[in-house]
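Below, each chain spelled out in residue letters.
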Amino acid sequence: MGSADKLFTDGEAYERLMGRWSRPVGKAFLDWLNVPKGLRWLDIGCGNGAFTEELIVRCAPATVIAIDPSEDQLAHARTRSQMQIAEFRVGDAQKLLFDDNSFDVAVMALVISFLSDPDQAVREMTRVVRPGGWVATYMWDTPGGGVPVDPIYVELESMGMTSTRPPNTEISRREVLQDLWKKVGLVSVDTPVIQIPVVFSDFDDFWDSTTVPVGPQGKLIEGMSESKREQLRLRLRDRLPAASDGHISYKSFANAVRGQIPA
């Protein structure tokens, strides 16, 4: 699945970095998707299982197969309380080991920008879903500044550091997702924007949460000198104005897309 399997291996650290933001956007996505209960789901790039757990609670699926390239993430996912009906497997989004028409719904949650060949992954999703079934994804709008860690991206780049954005940022644009879904032959394509508030109790909460050594920016920051880290910290403190009680808040947003396999 590309570099994501090497960068997102610590399930607990990922939970602190992104889990608290991925949960509300995942809930909003599932409410919007609004498919019937009792279906066969494929969750591609399930990571630490936060979205899979939400899927089970909100959508009452008949079965769920969840795949991810990281065995460490899958091990964390299996510890969650609602996972009895889920089957977790190591797998590659771009080469799904399932027969045609095996599922009613295939989804990718906050994954597509990390894939080396997102077009191939969507073709594979389309192949394994039955006629009349649904193919859907959502991704933080990276070019538009919608990622919860966007302030980190911006300040690292302003310091002349290598970009830590996902390798395929353009695929997260709303119009690009819409075009891809139509190009692979899906119908009834819809592309909403899902917005959530991102709130930290104070700057230390922001810093400690967004600099954990997971993901591209976490690995880069971990390898910085102490002086460079302090420079980044000061720049971020200046960039993020705090409210009178010290808390920091801003908006993050993801682009979603769904389409149906022609009946």
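Since this is a predicted model, take the numbers as computed values, not measurements.

Here we come to the nonpolar core. Core analysis: the biggest nonpolar cluster contains 55 residues, and Phe 29, Leu 33, Trp 41, Val 107, Tyr 138, Trp 140 and Phe 206 have the highest contact counts within it. In terms of residue count, the dominant contributor to this core is helix α2 (residues 11-33) (eight residues). With residues up to four places along the chain from it excluded, the contact list for Val 107 reads Phe 29, Leu 33, Trp 41, Leu 42, Asp 43, Ile 44, Phe 51, Leu 55, Met 125 and Ala 136. Counting 29 residues, the second largest nonpolar core, distinct from the first, contains Phe 114, Met 139, Leu 177 and Ile 261.

Another point: the packing of aromatic side chains. Considering all chains together, one arrives at nine aromatic pairs under this definition. Consider the rings of Phe 29 and Trp 32, whose centres lie 5.7 Å apart with planes at 50°: the pair is tilted. Highlighted residues: Phe 29 and Trp 32, both in helix α2, separated by three residues, approximately one helical turn. Comparing Phe 29 with Trp 32 shows no difference in burial state: the two are buried. Between Phe 203 and Phe 206, the aromatic rings sit 5.9 Å apart at their centres with planes inclined by 35°, giving tilted as the arrangement. Placement of both Phe 203 and Phe 206 in helix α8 (residues 203-210) is noted, with a separation of three residues, approximately one turn of the helix. Take Phe 203 and Phe 206: they sit in the same class, and that class is buried. Taken together, the ring pairs connect Trp 21, Phe 200, Phe 203, Phe 206 and Tyr 250 into an aromatic cluster.

Right, let's talk about the state of the cysteines for a bit. Under the definition given, this model contains zero disulfides. There is no disulfide at Cys 46, and the cysteine sulfur nearest it, in Cys 59, is 16 Å away. Taking the relative accessible area as the measure of exposure, Cys 46 reaches 6% and is therefore buried. For Cys 59, a relative accessible area of 6% translates into the label buried.

Attention now moves to the packing of helix α6 (residues 150-158) against helix α10 (residues 226-239). Their axes nearest at 10 Å, the elements α6 and α10 cross at an angle of 125°. In terms of orientation, α6 lies oblique with respect to α10. When you trace α6 past α10, the crossing you get is right-handed. Within the contact between the two elements, α6 uses Pro 151, Ile 152, Val 154, Glu 155, Leu 156 and Ser 158 and α10 uses Leu 232, Arg 235, Leu 236 and Arg 239. Broken down by class, the residue content of the contact of α6 with α10 amounts to six nonpolar, one polar and three charged.

For any two helices packed against each other, one specifies the crossing angle of their axes together with the interaxial distance. Running from amino to carboxyl end, α8 crosses α10 at an angle of 130°, the nearest separation of the two axes being 11 Å. In terms of orientation, α8 lies oblique with respect to α10. As α8 packs across α10, the resulting crossing turns out to be right-handed. For the pair α8 and α10, contact is made by Phe 203, Asp 204, Phe 206 and Trp 207 and by Arg 229, Leu 232, Arg 233, Leu 236 and Arg 237, respectively. Here the contact of α8 with α10 is built from residues that sort into five nonpolar, no polar and four charged.

This paragraph deals with the environment of Glu 53. Among the structural elements, Glu 53 can be located in helix α3 (residues 50-59). Judged by its relative accessible area of 16%, Glu 53 falls in the buried class. The spacing of Glu 53 and Arg 78 is 25 residues in sequence and 9.9 Å in space, taken between C-alpha atoms. Not counting residues within four places of it along the chain, the set of residues in contact with Glu 53 comprises Arg 80, Ser 81, Gln 82 and Met 83.

Next up on the list: the confidence of the model for the chain. Caution applies to low-pLDDT regions: their predicted coordinates should not be interpreted in detail. Taken as a whole, the chain shows an average pLDDT of 92; of its residues, 94% reach a score of 70 or greater. Ignoring residues within four places in sequence, the model shows residues 1-8, a span with pLDDT below 50, making 25 contacts including any to other chains.

Let's shift gears to the pairing of strand β4 (residues 103-109). For a regular strand, side-chain orientation follows a simple rule: the groups alternate between the two sheet faces. Among the seven residues that make up β4, seven are buried, leaving the element largely enclosed by the rest of the structure. Pairing between strand β1 (residues 40-44) and β4: four bridges, direction parallel. Pairing of Ile 44 across the sheet is with Met 108, part of β4. With six bridges joining them, β4 and strand β5 (residues 129-140) adopt parallel strand pairing. Counterpart to Met 108 in the pairing with β5 is Thr 137.

The rules behind each value
- Residues numbered from 1 in each chain as written.
- Predicted model: local features only at pLDDT ≥ 70, side-chain atom pairs only at ≥ 80, totals over all residues.
- Heavy atoms only, no water.
- Core = buried A, V, L, I, M, F, W, Y, C linked by side-chain atoms within 4.5 Å.
- Buried < 20%, exposed > 50% of the residue type's maximum accessible area, 1.4 Å probe, protein only.
- Helix = DSSP H or I, 4+ residues; strand = E, 2+ residues; numbered from the N terminus.
- Contact = heavy atoms within 4.5 Å.
- Phe/Tyr/Trp six-rings, centres within 6.5 Å; stacked < 30°, edge-to-face > 60°.
- Disulfide = S-S within 2.5 Å.
- Axes fitted to C-alpha atoms, helices over the stretch in contact; angles between N-to-C directions.
- Parallel < 35°, antiparallel > 145°, perpendicular 65-115°, else oblique.
- Left-handed = near helix turned anticlockwise from the far one by under 90°.
- Nonpolar A, V, L, I, M, F, W, Y, C, P; charged D, E, K, R; others polar.
- pLDDT = per-residue confidence, 0-100.
- Pairing = 2+ DSSP bridges.

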